[in-house]
Amino acid sequence: MIFGTVPTAFSILIAGIALTACRDDSNSPANSPPAAAGNRTEPEPAPKSDRIRYAILLKPNESERNGPAETFAPLIVQRTSGGHRPDKSGARSDELARRFSERPLPVYARVQSVTIAALEFQQVTYTWCHPGETGVKGDVPSGETGVNGAMPLSGGPSGSDECNEVRGVRITLGEDGFPIVWEALSSQIGDPVLYVSRSLEERAAREQSPPPARRFSIERPLEETPGVIVADVLADGPVPMGPYIYIGEPPSRELESVLCRCSPSQVDEFSGTHYYELRMADRSDIVPEAVRAMFDRRTPLAQLLRWPE
């Protein structure tokens, strides 16, 4: 038996609209990009230190399919240095927006089942290559080469395998079809950074206390998994849905955080909203080798976490 039968929620994800509060926090508004004045209730601001001044929102292209890959597809928040302003930072943001508009970012998805503590769970993994600065492989339009021989990001006639900076998220679904573990994936780091649902952490806390030098009961002792970090416990959402993935400014594009979409907004101004192209990796003719490698780079969660009974 595979746990995690997924109720349809793709129409909510595509719209990017405000949802009801998190299941465990009735006062928490949805994390949604700004809408026209009067169309929604303003969210409670996030702490000042967490604020993002400008960002671009990337959401999945519309699809008639309503499977797990569509339901849990992430909304990617790309931090930028400026909005629509006549200075250098504004021009840079406009150029980034133009790239996303003219050539949608390919995001590859894979759905599979895994065994954790003798039970079978469903996992959905998403990986992608971000367009980088000039001279970084994967940064130039299809069919062109750039400084130092940079090749097309993907799908071009001469080298979709040239992507060498990959980001992604692997989502493990619980028995009720809701996400319980998010693994933030990056080719810049070895071990994944983990986020767990509040319901899973509460189950673990009923069985054990946090180990020394750890924050959460779900974590293994530091000496067992020194490179593994549970960054945070995320609120359980009101419906099964994908997370927000916050990406740092170019050129590093670090994967900064994963948040439930029912959490308070961290962005002051979305300077643009663009679609990305959701592709099933098993059905795509061209998948960059670095993306395939990220799919295959997996450590069983039972080795990373103290999985509760």
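Criteria and thresholds
- Residues numbered from 1 in each chain as written.
- Predicted model: local features only at pLDDT ≥ 70, side-chain atom pairs only at ≥ 80, totals over all residues.
- Heavy atoms only, no water.
- Helix = DSSP H or I, 4+ residues; strand = E, 2+ residues; numbered from the N terminus.
- Buried < 20%, exposed > 50% of the residue type's maximum accessible area, 1.4 Å probe, protein only.
- Contact = heavy atoms within 4.5 Å.
- Polar contact = N/O pair within 3.5 Å; in protein donor to acceptor, adjacent residues only side chain to side chain.
- Salt bridge = Lys/Arg side-chain N within 4 Å of Asp/Glu carboxyl O.
- Pairing = 2+ DSSP bridges.
- Axes fitted to C-alpha atoms, helices over the stretch in contact; angles between N-to-C directions.
- pLDDT = per-residue confidence, 0-100.
- Arc of directions from axis to C-beta.
- Phe/Tyr/Trp six-rings, centres within 6.5 Å; stacked < 30°, edge-to-face > 60°.
- Lys NZ or Arg CZ within 6 Å of the ring centre and 35° of its normal.

Examined against the element boundaries, Arg-79 turns out to sit in strand β2 (residues 75-80). Classification of Arg-79 by relative accessible area gives partly exposed; the value is 21%. Each C-alpha atom, one on Arg-79 and one on Glu-249, is 5.0 Å from the other, the two residues being 170 residues apart in sequence. Contact partners of Arg-79, with chain neighbours within four places excluded, come to Arg-51, Ile-52, Tyr-54, Ala-55, Ile-247, Gly-248, Glu-249, Pro-250 and Glu-256. In this structure the side chain of Arg-79 is engaged in a polar contact, spanning 2.9 Å, whose partner is the side chain of Glu-256.

The next point concerns unusual backbone geometry. Notably, Ala-117 is not glycine yet its phi reads approximately 50 degrees, a positive angle. Assignment of secondary structure puts Ala-117 in the loop between β3 (106-116) and β4 (119-129). At Ala-213, a residue that is not glycine, the phi angle is positive and equals roughly 70 degrees.

With that out of the way, let us pick up the pattern of salt bridges. Two side chains carrying opposite charge are able to pair once their charged atoms lie near each other. Counting across every chain of the model gives 10 salt bridges. For the salt bridge of Arg-53 with Glu-269, the shortest nitrogen-to-oxygen distance reads 4.0 Å. Of this pair, Arg-53 sits in strand β1 (residues 52-60) while Glu-269 is found in strand β11 (residues 267-280), placing the two residues 216 residues apart along the sequence. For Glu-269, a relative accessible area of 28% translates into the label partly exposed. The residue Arg-167 makes a salt bridge to Glu-165 at a minimum N-O spacing of 3.3 Å. Judged by its relative accessible area of 2%, Arg-167 is buried. Here Glu-165 falls in the partly exposed class, since its relative accessible area comes to 33%. If you follow the salt bridges from partner to partner, you end up with Arg-110, Asp-282 and Asp-296 in one network.

We now examine the environment of Arg-206. With respect to the helices, strands and loops of the structure, Arg-206 is situated in helix α4 (residues 198-207). C-alpha separation for the pair Arg-206 and Pro-308, spaced 102 residues apart in sequence, amounts to 8.7 Å.

This paragraph deals with the sheet that holds β1. Strand order in the open sheet made by the 11 strands is β8-β7-β6-β5-β4-β3-β11-β1-β2-β9-β10, with mixed pairing throughout. Of all strands in the sheet, those bounded by a partner on one side alone are β8 (229-234) and β10 (255-259). Direction aside, neighbouring strands of the sheet carry axes that sit 25 degrees apart on average. Packed on one face of the sheet, α4 meets β6 (179-186), β7 (193-197) and β8 and runs near 85 degrees to β7.

By the criterion of burial, β1 is predominantly enclosed, with 8 of the 9 residues buried. Pairing between β1 and β11: 8 bridges, direction parallel. Bridge pairing in β11 places Tyr-54 opposite Glu-269. Pairing of β1 with β2, which is carried by 5 bridges, proceeds in the antiparallel orientation.

Let's shift gears to the confidence of the model for the protein. Across the protein, pLDDT averages 75, with 68% of residues at or above 70. Note that pLDDT drops below 50 for residues 1-20; the model gives that stretch 65 contacts with residues more than four away or on any other chain. Below a pLDDT of 50 lies the segment residues 86-91, which in the model reaches 6 contacts outside its immediate sequence neighbourhood of four places, other chains included.

With that settled, the discussion passes to helix α5 (residues 289-296). An α-helical segment advances 3.6 residues per turn. Residues three or four places apart therefore align on the same side. Looking at α5, one finds that the buried residues are Val-291, Met-294 and Phe-295. The arc enclosing the buried residues of α5, seen along the axis, measures out at 105 degrees, which places them on a common side. On its buried face, α5 is in contact with β3, β4, β5 (166-173) and β6.

The next point concerns the packing of aromatic side chains. Scanning all chains against the criterion turns up 2 aromatic pairs. Summarising the aromatic geometry, the rings of Phe-121 and Trp-307 are spaced 5.7 Å apart at their centres and angled 75 degrees between planes, so their arrangement reads as edge-to-face. With Phe-121 in strand β4 and Trp-307 in the segment after α6 (301-304), this pair connects stretches of sequence that are 186 residues apart. Per residue, the accessibility class of Phe-121 equals that of Trp-307, and both read buried. Between Tyr-244 and Tyr-246 the ring centres are 6.2 Å apart and the planes differ by 35 degrees, which places this aromatic pair in the tilted class. Comparing Tyr-244 with Tyr-246 shows no difference in burial state: the two are buried. Its guanidinium or amino end placed over the ring of Tyr-54, Arg-53 lies 4.6 Å from that ring's centre, counting from NZ or CZ.

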